[in-house]
Every structure is written in C-alpha cells, then in structure tokens.
2 protein chains.
Amino acid sequence: MNNPIGIISMQFVRPFTGAHLGLFSDIKAMGFDFIELLVPEPEDGIDLSTARTALADAGLGVVLAARVNPRRSISSEDAEARQGGLDYLEACIEAAEGLGADIIGGPLYGEPMVFAGRPPLPRSDAEIKARADRMIDGLATAAAKARAAGKVFALEPLNRFETDMLNTTQQGIVAVDMVNDSGLGLMLDTFHMNMEDQSIPDAIRMAGTRIVHFQANENHRGFPGTGNMDWPATLRALVEVGYSGPVSLEPFRRDDQRLALPIAQWRAPAEDETEKLKAGLGVIRSNLMLAGFAQ
Amino acid sequence: MNNPIGIISMQFVRPFTGAHLGLFSDIKAMGFDFIELLVPEPEDGIDLSTARTALADAGLGVVLAARVNPRRSISSEDAEARQGGLDYLEACIEAAEGLGADIIGGPLYGEPMVFAGRPPLPRSDAEIKARADRMIDGLATAAAKARAAGKVFALEPLNRFETDMLNTTQQGIVAVDMVNDSGLGLMLDTFHMNMEDQSIPDAIRMAGTRIVHFQANENHRGFPGTGNMDWPATLRALVEVGYSGPVSLEPFRRDDQRLALPIAQWRAPAEDETEKLKAGLGVIRSNLMLAGFAQ
C-alpha cells in the first residue's frame, strides 16, 4: 500500500509556532508525506493562510491533532467545560479549513487523566452511563459539523492512564457506531493498543473501515523498529481492511537512561535525529509496501 | 523450572482484612503456591501471628507488596516524606518478620504519579540528579536493614505514567548495582516492561541474577493467555538466567467493555473467577515447566 506517512510536529519542537514553518520542507526532505500538526493555539502565532501556503510550497500534507483539557471536555459533568469542548472542536474544524486539512484526530471526548493530574477514581454505574451519554452527544454534534464542512474527526482511544473514557479499540468502535455519522471515524494508535487490546492485528480487523487515521508507534514510543511491535503483522492487518489513509509516527524517543528522568514529559531532541527518523519511516513504509504481497 | 507461583490478594478483595484469612485455603486449592499480600495497614485489622498461622495451616507461602504514597517517599524533596518512606520500609521488614515472608517488593522509591494525581512535570538536570541520589540513599538504608533481618527488598520499575523514578529494566539494574547490597534485588513486571523495554526477553537476560521477584502480567493486565505476551520466550529467558524465585500473577481483568469505565481503578470481581485463574496459572506454570526443554 502507498498510504501517506507523516510525522508529529512535537518530534521537532513544542510549541510549534509561526517561526517554525521552515520545518515543513525539512520534513518533506526526510521523506515524509505529511505533518501531524497540533491544532494551533492563538499564542502559537500561526497565520493559517501563511502556513497553508508554506505547506503547499513544501509539498507537504497536514493532519490535525486536537488538544483537549479539563476545560475542553465534551464528556465533563461541568456544563461550562462541555461547552468549552464543543467550542474547541468547532475551532478545530475552522483550523482544518484554514490549513486545508481533512482529518482532525485525538481524544476528542476530553477528560484527560494523568496529563491533567487526575487520578483514576471509582465511578458508580449511573455516573459511567451519564459520562458515556455526554460523550456520545458531544461527538454527534461535532461530527455533524465536521461532515458539513467536508472534514472528519478521528476518535482516538487512549491507554487507561491517559483517560477513562475510551481505552480499547472495541470501545472506540462502539462509540463510532453509536454516533453513526461520516463526520466521525476511528483513529488507532499502536502504543495505546499495545496496553489495552488482546491482539493489535485482530483489533485492526475488527475496526475495519471505521479507521480514518492511524499512528504507528513502538511499544515504548521510541523510533519504529527499536521495540517489540510486530510491524509486519500489524501492517498486514491494515492492508487487509483496505486502509488507504494516513499513517503517522510519534516517536517520543527515550535516548536517555538517567535515573529519575520524567520520560512522559515532552523533551526537546538532544541531537539531530534525521537518520533515525528516516530509518523509522523506512521500517513502516517498507513493511506497508510489502504487506500486500503474499511472499 | 518449578518456581513457586502466586496470586495478588487484590484479585479477590481490597482491603484484605483479618476477616479474609479464609481465602488462603481457597487460593491454595486453586493451585497457587503463595499469596502476594499488600503489606497490612493498621486499619486492615490483621494480626500478623494469626495470619502466619493461617498461612501455615493452608500450606501457602507469602510475598509482600509495599504500598508507597507521597508521604512515604524516600526520593521526595520533602524531608518529612523521605523519613515517612524510610519508616514505612522499616515497618515492611517488621511485617515480613511477623508473617514469615522473605521478600518485600514494589516501587520502594515512592513518588507515585498517576495514582497520586501527579502529572508528568519537567525537571532540571540538577533536580533529576538530586532525586536519583535521594532514591539511592534511601534504598541503601532500607537494604541494609532488610539484609540484617534476613529479608530482601525487590525494587520494581513502573511504567512512565505511574512513576518518573525508574521505568526501564536498565534503570532498575543501575539502581540495584549502585546500592550493591544483598538486601536489595530487582523485581520485574511484564506489564510495565511491555511499555518501557525494547525486548522483554533481552531485558530479563540483562537483569540476570539481580531478579528476586517476577510478576507475569498480560499486556492489558487481564488473565495470562488472553493478551499478546509471548510467554514461551519470556519464561525461557527467565529459565536461562537461572531464576528460581517466585512468579506472581496480578490479573486485574477488564471483563467489562462499557464506555467511560475507569479500568485503572480497582474493581471487585463480578463473578467467580476460579476457572479463569486456574487457566491463567496453567499457562504460566506449563510454559515455565517446558521452558527448560529444547523441544
């Protein structure tokens, strides 16, 4: 398969601001087809029209990654946070229109856990049901708006420490089917799947044509090819379900074995990682290319 | 190999109190050799001598699991929390003496993250170094006391969301080697390794004779045999390094695919899980038994 393969902007810099548009041509030169860009915040100082031109000049595509927080949380029990979530998803659609992106992915349901300092807490059956209902309501509203704008939201389950809304691929499938709107599809990330699913290839086959975005990450989140992920089996499953959409890499490498290192915290690259990124891209592109062949 | 195989008390009940000593014979009857018991808290109402007798009567061994928190944290920058950590580890040794346990395992360094509602935060190089130094100092003090009592602490790296002190097996090896005391060894848990190590079998081989306790958990933490863990390769590596110590199961099963379910929160079993536990035990015991054979 010839899926476009991209790289997350955070690989290079965070925040990605208007001063970093020159990275687009570097990323293209490394061999990537698109950048996965965090939806710009006002303080990032990115003029969407300028950025769109820079993407076109570099010949680089773009997929957007939504950034939720406790105040942008369509599933929250707080009405203001729910509205904040809806407003944010609408702003994401506008950003996609401005940048010329078709897909906006991420944990759209809000309710971040470890990254918001929220511990796992017990919930009653009624609370679980109410939060799920709010999630589906909010997703339905957002999906309709995305569809009207010709965009699609890609709903991403996260591991159990990052959220308590959707963890497994099966839960993601149920949510997408409940919303049942072409403005909402599923996004799968192998890092999370490796913590939550029984079998990554089986989960991909189960998700099938609902998949609209895919992130190919190692078990430890480093460069593809440096961990224990079974890339041939994973990518064969992706080919088997006919997935022709984007495949994004998010290799937040370790490259540092100091004791007491906060590895889940974003760190700037300590060196030029071009060769490692190209090799990681090669692992995914080569395996994906060969996944369609019997032998 | 004929390693003793055990099961964590939380599988059945939490808190495990003086009223639950009858579970010992149930656990033995399922085929387990030991119970991994959370170090009793005063409010659990467990009389150590009574519990020791109940264990002996049931023919069940015991390994202890330490429970740290932000106030029991030898690596903390707060002097009171550090002392609380040291006092707690000393209390663990006393509990081991009272119960007749030889091994006390867990994230002894303190500093819990997601379960204490602490988000990943950036740290300066100086802070990273200072926290690591405090961890090693505290472990050295605790290890000397354990050794004097004929006990051993088993230091457990946790995944990046549960702590920022030790995540990889390699970091655990460095810490154990820095302390260099027979009162401190390494505990490996395949659930965490699957998120942090390049290869679980390679990590086991690297850790070698430092391993004093092992937890055999699925990638998604359910019953062994229901996930993607490569048990033959993992257990062969354990046999290869000559590990003859305890192997513990901690299958916090999902068995519930409701949306918005807080899966990282402890939940009581919804049904009698005896048959699943026996099958999970069978997967580990059978693979471990065969791991020593060439074919």
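So, here's what we can say about the structure.

About the thresholds
- Residue numbers run consecutively from 1 along every chain, following the written order of its sequence.
- To read the labels, note that chains go from A and ligands from 1, taken in the order they are written.
- At least 70 in pLDDT is required for a residue's local features to be given in this predicted model, at least 80 for side-chain atom pairs to be given and counted, and no such filter applies to totals for whole chains, interfaces and linings, which use all residues.
- Hydrogen atoms and water are omitted, and side-chain values are computed over all heavy atoms in the structure.
- In this text, helices come from DSSP runs of H or I with a minimum length of four residues, and strands from runs of E with a minimum of two, each type numbered from the N-terminal end.
- Two things to know: the radius of gyration comes from C-alpha atoms, and the globule rule equals 2.2 Å times the number of residues to the power 0.38.
- In what follows, residue pairs with any heavy atoms lying within 4.5 Å of each other are defined as contacts.
- Only the protein chains shown count as cover for residues, and all accessible areas are computed by the Shrake-Rupley method using a 1.4 Å probe.
- Under this rule, positive means Lys or Arg and negative means Asp or Glu; His and the chain ends count for nothing.
- Charge placement uses NZ in Lys and CZ in Arg. For Asp and Glu, CG and CD serve respectively.
- One requirement defines pairing of two strands: DSSP has to find at least two bridges between them.
- A fitted line through C-alpha atoms serves as each axis, taken over the contacting stretch for helices, and the angle formed by two N-to-C directions is quoted from 0 to 180°.
- The fit set for superposing copies consists of C-alpha atoms from residues with pLDDT of at least 70 in both; the fit itself is least squares.
- Any residue under 20% of the maximum accessible area for its type is buried, any over 50% is exposed, and the rest in between are partly exposed; the area is computed with a 1.4 Å probe on protein chains only.
- By the criterion used throughout, a crossover qualifies as right-handed when its path from the first strand across the helix to the second strand runs clockwise, the strands pointing away from the viewer.

## A look at the overall build of chain A
Along the backbone of chain A there are nine helices and eight strands. Radius of gyration (C-alpha) of chain A: 18 Å, near the 19 Å computed for a compact globule of 295 residues. Viewed in the frame of its principal axes, chain A has a C-alpha envelope of about 50 × 45 × 45 Å. Considering only contacts within chain A whose residues lie at least 6 apart along the sequence, 78% involve residues at least 24 apart. As displayed, chain A offers around 11,000 Å² of accessible surface, 52% of which is attributable to carbon and sulfur atoms. The distance from the centre of the 27 positive side-chain charges to the centre of the 40 negative ones in chain A is 2 Å.

## A word on the sheet that holds strand β7 (residues 211-215) of chain A
Residues and elements named next belong to chain A. Pairing within the closed barrel is parallel, and its eight strands lie in the order β1-β2-β3-β4-β5-β6-β7-β8. In this sheet, neighbouring strand axes are inclined to one another by 30 degrees on average, regardless of whether the strands run parallel or antiparallel. In the sheet, strand β3 (residues 61-65) pairs with strand β4 (residues 103-106) via two bridges, with the strands oriented parallel. Its bridge partner lying in β4, Leu64 is registered against Ile104. Against the sheet, helix α4 (residues 125-148) touches β5 (152-155) and β6 (184-189), its axis set at about 145 degrees to β5.

## Overview of the relation of the copies chain A and chain B
With an RMSD of 0.0 Å, the operation that places chain A on chain B is a rotation of 180 degrees combined with a shift of 0.0 Å along the axis. In the structure described here, the two chain copies are related by an operation that fits a two-fold rotation axis. When C-alpha distances to the rotation axis are compared across chain A, the minimum falls at Gly117 of chain A, with a value of 2.2 Å.

## What about the pairing of strand β2 (residues 34-38) of chain B?
Residues and elements named next belong to chain B. For β2, the tally of buried residues reaches five of five residues, placing the bulk of the element in the interior. Covered by surrounding structure in β2 are Phe34, Glu36 and Leu38 together with Ile35 and Leu37, the residues of both alternating faces. Sheet analysis places β2 next to strand β3 (residues 61-65), joined by five bridges and oriented parallel. Bridging across to β3, Glu36 finds its partner in Val63. What joins β2 to β3 is helix α2 (residues 48-58), and the crossover it makes is right-handed.

## Observations concerning the sheet that holds β2 of chain B
Residues and elements named next belong to chain B. Strands sit in the order β1-β2-β3-β4-β5-β6-β7-β8 around a closed barrel of eight strands; the barrel is parallel. Along the sheet, successive strands turn relative to each other by an average axial angle of 30 degrees, direction set aside. As paired strands, strand β7 (residues 211-215) and strand β8 (residues 247-249) are joined by two bridges and run parallel to one another. Directly across from Phe214, in β8, lies its bridge partner Val247. Relative to strand β6 (residues 184-189), helix α5 (residues 169-179) is tilted by about 170 degrees, and along the sheet it contacts β5 (152-155) and β6.

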